[in-house]
Amino acid sequence: MLETNQKPAQESIINLDSLNKDALKACKNETKSANRWTVAEIVALFEMPFSDLMHRAQTVHRENFDPNGVQVSTLLSIKTGGCSEDCGYCPQAARYHTDVENEPLMQLDDVLAAAQEAKNNGASRFCMGAAWRSPKQKDLEPVLKMIAEVKAMGLETCATLGMLKEGQAAQLKEAGLDYYNHNLDTAPEFYGDVITTRTYQDRLDTLDSVREADINVCCGGIIGMGEARHQRAGLLAQLANMERPPESVPINLLTQVEGTPLHGTEELDPFEFVRTIAAARITMPQSYVRLSAGRQSMHEGIQALCFIAGANSIFYGEKLLTTGNPEAETDKALFAKLGIHPI
Ligand code: SAM
Ligand code: DTB
Ligand code: SF4
C-alpha cells in the first residue's frame, strides 16, 4: 500500500520536476523572444532576403503602429562647437578643423522663436542640442528655462546635452523635459575606435539616470562609420536588450564632414541602411525608429523603403545641428507622394 502510494507520489515528483524544468525553459524562451536578442539572431535578420525582411518588419510595424503616421521633430543647436570630446564623426569637436563656427549658448527668445516656427511648420517635438561633454550647473539653469517655455508652447521637449551628473536628470524632468537623447552610437567593441574621451559605461550610466528620472529615452547610433555588420547588429542588441528599450531610436547615417577623422570612410550600401532600420523595428517593436542624419543625401526611394521597414519618425527642417537636412517643402512633397501624415 505504502509502496503503491509511494510510487505514484515519486513519479509525480519526477514528472512535476521535469514539468517545472520545461516550464522554466519555456519561460526563458519567452523572455528571450520578448526582450533578449543575441547578436547572432540580429545578424540573421540582416541576412534575410530583402523582401522577406521588409515583409517581417512591416508586419511588426503594423501590429504596433499606424503604418502611415510619422512623428516629426525639429532640432536646434542651442550651443554650437568647441566641444572637448573627440567623437570621430563630429564636426563640433574643438580638436578637429571643420567649418563649424563656435557659438555660445543661445538667448531664450531666439530659442522660443525657433520653437514657434517649428510648431507652425507641423513639428510635434522640439529637440535642443548642445555641444557639451556634460552641462555645468550654470549652463543647465538657462536650459531648464528654455525647456519649461517650449513645453508651455504645447510642444513636446527633447534635449541632448551630453553626460548628466547626479541630480541633473531630475532637474530636467522638473522643468518639463519629455525626452533625453543620448546615443550609444555603435557596438561596445567598436566604440573605442570612434571615441576615446568617454566610455560606453559613461553613456549607459547617463541613460540609467534619465530612466530613473522618468524621462523618455531617445537612444540610437550612427552607422556607416566603417563598422562591420555584426557591429551594427551589436548596437541594436544593446538597445533592444535594455530593461526597457528606448522609446525613440535614432538611426543616423554618418554625415561625413571634412576635417573629422571619419571623413573619407567608405560609403555604406543604402540597402544596408534600410536593413538596419528593419532590424531595429523587429527587435524593438514598440519604439519609434527615427530615420535621422543622412536623409539629405538619401534618394527618396530609399527613404520610402525605410518607412516600409518601420521607420516612423524623422527630423524635419532644413538643418540638423550643424549639417543640412532636406528642405521642408521637399519633405512635405515626399509625405504627400507616400500618403504619410505627420504625428
Ligand atoms: N554633445 C552631446 C552628445 O554627444 O551626446 C549632444 C549632441 S551630439 C552632436 C548628438 C548626436 O549626434 C551624437 O550622439 C551622434 O550620434 C550624432 N551625430 C553627431 N555628428 C554626427 C554626424 N556627423 N553624422 C551622424 N550623426 C552625428
Ligand atoms: C541624433 O541621434 N541625431 C541628431 C540628434 N540625435 C541630436 C543629431 C544629428 C547630427 C548630425 C550632424 C550635425 O548636424 O551636426
Ligand atoms: Fe561633443 Fe557631442 Fe560632438 Fe561628441 S558628439 S564631440 S560630445 S558635441
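For clarity, every value in this text was computed on a predicted model and none was experimentally measured. (Residues numbered from 1 in each chain as written. Chains lettered and ligands numbered in written order. Predicted model: local features only at pLDDT ≥ 70, side-chain atom pairs only at ≥ 80, totals over all residues. Heavy atoms only, no water.)

A. Representation of a negative patch on the surface. A grouping of Glu-166, Asp-205, Asp-208, Glu-212 and Glu-243 is seen on the molecular surface, where their side chains present a negatively charged patch. Assignment of secondary structure puts Glu-243 in the loop between α9 (229-240) and β7 (248-253). With relative accessibility at 81%, the residue Glu-243 sits in the exposed group. (Patch = residues over 30% accessible without salt bridge, like charges linked within 9 Å, V, L, I, M, F, W, Y side chains within 5 Å. Areas by Shrake-Rupley, 256 points an atom, 1.4 Å probe, with all protein chains shown as cover. Salt bridge = Lys/Arg side-chain N within 4 Å of Asp/Glu carboxyl O. Lys, Arg positive; Asp, Glu negative; His and termini not counted. Charge placed at Lys NZ, Arg CZ, Asp CG, Glu CD. Helix = DSSP H or I, 4+ residues; strand = E, 2+ residues; numbered from the N terminus. Buried < 20%, exposed > 50% of the residue type's maximum accessible area, 1.4 Å probe, protein only.)

B. Looking closely at the pairing of strand β1 (residues 69-79). Of all 11 residues making up β1, 11 are buried, and the element is well covered by its neighbours. Sheet topology note: the β1/strand β10 (residues 341-342) ladder contains two bridges and is parallel. Paired with Gly-69 across the two strands is His-341, which belongs to β10. As paired elements, β1 and strand β9 (residues 313-315) share three bridges and run parallel to each other. Residue pairing in the sheet places Val-72 in a bridge with Ile-314 of β9. Handedness of the β-α-β unit built from β1, helix α4 (residues 108-120) and strand β2 (residues 125-130) comes out right-handed. (Pairing = 2+ DSSP bridges. Right-handed = clockwise from strand over helix to strand, strands pointing away.)

C. Molecular detail of the side chain of Thr-276. Relative to the helices and strands, Thr-276 is located in helix α10 (residues 270-283). Assessed through its relative accessible area of 1%, Thr-276 is described here as buried.

D. Structural detail: the packing of aromatic side chains. For the structure on display, the rule yields four aromatic pairs. Ring geometry for Tyr-191 versus Tyr-200: centroids 5.2 Å apart, planes at 85 degrees, classification edge-to-face. It is Arg-125 that lies over the ring of Tyr-179; its NZ or CZ is 3.7 Å from the centre. The residue whose ring lies beneath Arg-290 is Phe-315, and the NZ or CZ to ring-centre distance is 4.7 Å. (Phe/Tyr/Trp six-rings, centres within 6.5 Å; stacked < 30°, edge-to-face > 60°. Lys NZ or Arg CZ within 6 Å of the ring centre and 35° of its normal.)

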